[in-house]
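# Tertiary structure, described
Chain by chain, the residues run as shown.
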Amino acid sequence: MNPADTESPTAPSSWPAGNFSRIPAWAYTDKDVYQKELDRFFYGPHWSYVGLEAEIPEAGSFKRTKIGERSVIMVRHRSGAVHVLENRCAHRGMRFCQERHGKARSFTCPYHQWTYNLEGKLLGVPFRNGVKGKGGMDKDFQLEDHGLSKLKVAVRNGVVFASFSEDVPSFEDYVGPTVLPWFDRTFDGRKLVLHGYSRQRIPGNWKLMLENIKDPYHPGLLHTWFVTFGLWRADQQSTLLMDDHGRHACMISQRNEGGKADVTEGVTSFRENMKLNDPSLLDIVPEPWWGGPTVCMITLFPSVILQQQVNCLSTRQIIPCGPDAFDFVWTHFGFEEDTPEMHERRLRLANLFGPGGFVSADDGEVVEMSQDGFHHDPAFTTVCELDGTKIGNTDHNVSETLIRGMYRYWREVMEL
Amino acid sequence: MSVDLRKVEDFLVHEARLLDARDWAAWDALFTPDGIYWMPAAPGQDDPLRHVSLIYENALLREIRIRRFADTSAFSLQGGPRGWRIVANVRIDARDAEANTITVSSRLMAAEYQRDRTTRFEGFVTHRLVTEGDSFRIALKRVELLDCDAMRGDINLYL
């Protein structure tokens, strides 16, 4: 069923103050609510993910992406600095850049050839002085008044974030002292190597993807594959952490000692055949920088999930397209210091976890089905009350506390 | 080595029919023991081990996926997908008499129906086939979807 064909709940109805565990359907479907989310989160004083420095290795290398629904270009300047410019010509608003990646010395809008440098400054416009003394721009037309919108940029250890707002706190303050060490655990300054992209269009509200990664309740139940191969157990050592606002979170867990010998019944025949030793399947090699945890999933509100699933490393960018859909872009990466074997291992796992693999296909589908369930009854609310209604860090994974934390923040900023 | 194009076409149609019929076991049996099914994630991708793929599977991984097709608890597969494939523009691009293999290119159009929705797939397909008696075994099947690098839905089938 196409959600667009169905009736959306209208204006937000009441949501009792102080409640963060019963989320009304309109929070996922209402167009005005969605626009307010774009304005306050994606275009407001928040940091949004734009990419990895490894994607733009040379002067002039650029990548086109989006923050919310606005098209932006991440580009490397000759100085080495990374700039993020809005892909919108100051003249007629054209999204002048249509290439996904490329290399440029300057940007020229195809419509009237207004040309900008890599910092977004307008270099020149055709017929500025008119033709044969006629027409052209007025004398007081100043090039410097008509540059591209330039976003505020934060680069931390190879990861690039940008903000449309001048009022955004420093990236470090934004992430906060609880989550930042987990960010730095993966991104500690080692040079990153790009392994490719997977791209999904998922017909559900963008918040459902964050909720999916803030929800350690589902993997063992939805992804039976995880359980079968001993990647997930309800009793495994887990920690759920969030920043002071409740907007960012980490799901951290460690596989039980004993690993393969402990896995559940379903795998017996495989084990007997010794097939679990097939390197194409789960050839997991612990890395020193893990410091123990085998899985660490970080949600940096509102735009990205940073994934470490054993040896598999990816960023997953969330690009909302209306209340009913989002694009989900996976950027797979490794480290320059990786051995060829580790490079190959990371890729094999990326194939298994990715949208053509065995895990994320299921997540995409359930997000879609949830969204469909929200469309027919404005009074419906979801129930996020695993582990009660409290909000706080836990030392187990049988909790929906991280979702509640996110909605406490959401309600505060949205004033809803 | 003389290999008749007609025989190659028959083989590709036979393979497509097995997939249409969701006879995964019979289809899987067409592969050589170390045969690979590959769906790249980028146009022109020539290396499955240095760049992520949509699917890159040996016999074991295919076995798992096929077991998953039959597993009703795999949520994304519920609702009984069904589909058909058209194979066309078949050409033998290369012959290696020593290795007893041929490389065949074709174009694929496929449709899959699941839960009130039909999804179309278009692909550039390359088969590396090992001659075996009167027929062939698949050493490599590479399916490059026309929109392999687009924002797209999940891939829940073999094409």
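No experiment lies behind these values; they were computed from the predicted model shown.

### Let's talk about the overall build of chain B
- For chain B, the count of helices and strands is three helices and six strands.
- N-terminal to C-terminal, the α/β element order of chain B is α-α-β-β-α-β-β-β-β.
- Taking 2.2 N^0.38 as the reference for a compact globule, 159 residues should give roughly 15 Å; the C-alpha atoms of chain B span a radius of gyration of 15 Å, in line with that estimate.
- Seen through its C-alpha atoms, chain B measures out along the principal axes to roughly 45 × 30 × 30 Å.

### What to know about helix α3 (residues 171–186) of chain A
Residue and element names in this part refer to chain A.
- In this model, α3 (16 residues) spans only 16 Å end to end at C-alpha, well below the 22 Å of a helix rising 1.5 Å per residue.
- Remark: the principal bend of α3, roughly 100°, maps to P177.
- Within the sequence span of α3, burial applies to F171, Y174, V175, G176, V179, L180, W182, F183, R185 and T186.

### Side note on the nonpolar core
- Counting 79 residues, the largest nonpolar core has L300 of chain A together with V8 and L159 of chain B as the members making the most contacts within it.
- Among the elements that line this core, the one with the most residues is α3 of chain A, at seven residues.
- Residue-level mapping places this core at the junction of two domains, with at least three residues from each of domain 1 (48–154) and domain 2 (177–414) of chain A.
- Beyond its immediate sequence surroundings of up to four residues, V8 of chain B is in contact with V3, V90, I92, I102, V104, L129 and F136 of chain B.
- In terms of nonpolar packing, the next biggest core, distinct from the first, is built from 52 residues, F42, W206, L402 and I403 of chain A among them.

### A word on the sheet that holds strand β4 (residues 101–114) of chain B
Residue and element names in this part refer to chain B.
- Read from one edge of the open sheet, six strands run β2-β1-β6-β5-β4-β3, paired in mixed fashion. Every interior strand has two partners, whereas the edge strands, β2 (53–57) and β3 (82–96), have only one. Within the sheet, the average angular offset between the axes of one strand and its neighbour, ignoring direction, is 20°.
- Where strand β1 (residues 31–40) and β2 come together, four bridges link them in antiparallel fashion. Its bridge partner lying in β2, Y37 is registered against E57.

### Observations concerning the packing of helix α2 (residues 31–42) of chain A against helix α11 (residues 401–414) of chain A
All names here are of chain A.
- Two elements in contact, α2 and α11, have axes whose closest approach is 10 Å; the angle formed by their N-to-C orientations is 90°. The angle between α2 and α11 places the two elements in the roughly perpendicular class. Between α2 and α11, the residues in contact are V33, K36, E37, R40 and F41 and Y409, W410, V413 and M414, respectively.
- Among the residues making up the contact of α2 with α11, the classes are represented as six nonpolar, no polar and three charged.

### Quick notes on the confidence of the model for chain B
- Here chain B shows a mean pLDDT of 90. Residues at 70 or above account for 93%.
- Interface confidence for the predicted complex, given as ipTM, is 0.82, next to a pTM of 0.89.

### Comments concerning the pattern of salt bridges
All names here are of chain A.
- With the rule as written, the count across this model stands at 33 salt bridges over all chains.
- Linking E55 and K63 is a salt bridge whose minimum nitrogen-to-oxygen distance equals 3.1 Å. The burial state of E55 is the same as that of K63; both residues are buried.
- The partner of E337 in a salt bridge is R190, and the shortest N-O contact between them spans 3.9 Å. Placement of the pair is E337 in the loop between β17 (326–335) and α9 (340–353) and R190 in the loop between α3 and β11 (192–202), with a sequence separation of 147 residues.
- A residue is classified by how much of its surface remains accessible, and E337, at 56% relative accessible area, is exposed.

### Observations regarding a nonpolar patch on the surface
- Side chains of W84, I86 and M109 of chain B sit close together on the surface and give an oily, nonpolar patch of about 320 Å² of accessible area.
- With respect to the element layout, M109 of chain B can be found in strand β4.

### So, the domain arrangement of chain A
Residue and element names in this part refer to chain A.
- When the domains of chain A are assigned, the result is domain 1 (48–154) and domain 2 (177–414).
- Contacts between the two partners involve twelve residues from domain 1, matched on the other side by 15 residues from domain 2.
- Joining domain 1 to domain 2, the criterion identifies zero salt bridges.
- Applying the counting criterion to the domain 1 and domain 2 interface returns seven residue pairs in polar contact (both at pLDDT 80 or more).
- Classifying every residue of the side of domain 1 that touches domain 2 gives four nonpolar, four polar and four charged.

Conventions adopted
Residues numbered from 1 in each chain as written. Chains lettered and ligands numbered in written order. Predicted model: local features only at pLDDT ≥ 70, side-chain atom pairs only at ≥ 80, totals over all residues. Heavy atoms only, no water. Helix = DSSP H or I, 4+ residues; strand = E, 2+ residues; numbered from the N terminus. Rg over C-alpha atoms; globule rule 2.2 N^0.38 Å. Expected span 1.5 Å × (residues − 1). Bend = angle between axes of the 7 residues up to and from the residue. Buried < 20%, exposed > 50% of the residue type's maximum accessible area, 1.4 Å probe, protein only. Core = buried A, V, L, I, M, F, W, Y, C linked by side-chain atoms within 4.5 Å. Domains from an automatic or database assignment. Contact = heavy atoms within 4.5 Å. Pairing = 2+ DSSP bridges. Axes fitted to C-alpha atoms, helices over the stretch in contact; angles between N-to-C directions. Parallel < 35°, antiparallel > 145°, perpendicular 65-115°, else oblique. Nonpolar A, V, L, I, M, F, W, Y, C, P; charged D, E, K, R; others polar. pLDDT = per-residue confidence, 0-100. Salt bridge = Lys/Arg side-chain N within 4 Å of Asp/Glu carboxyl O. Patch = residues over 30% accessible without salt bridge, like charges linked within 9 Å, V, L, I, M, F, W, Y side chains within 5 Å. Areas by Shrake-Rupley, 256 points an atom, 1.4 Å probe, with all protein chains shown as cover. Polar contact = N/O pair within 3.5 Å; in protein donor to acceptor, adjacent residues only side chain to side chain.

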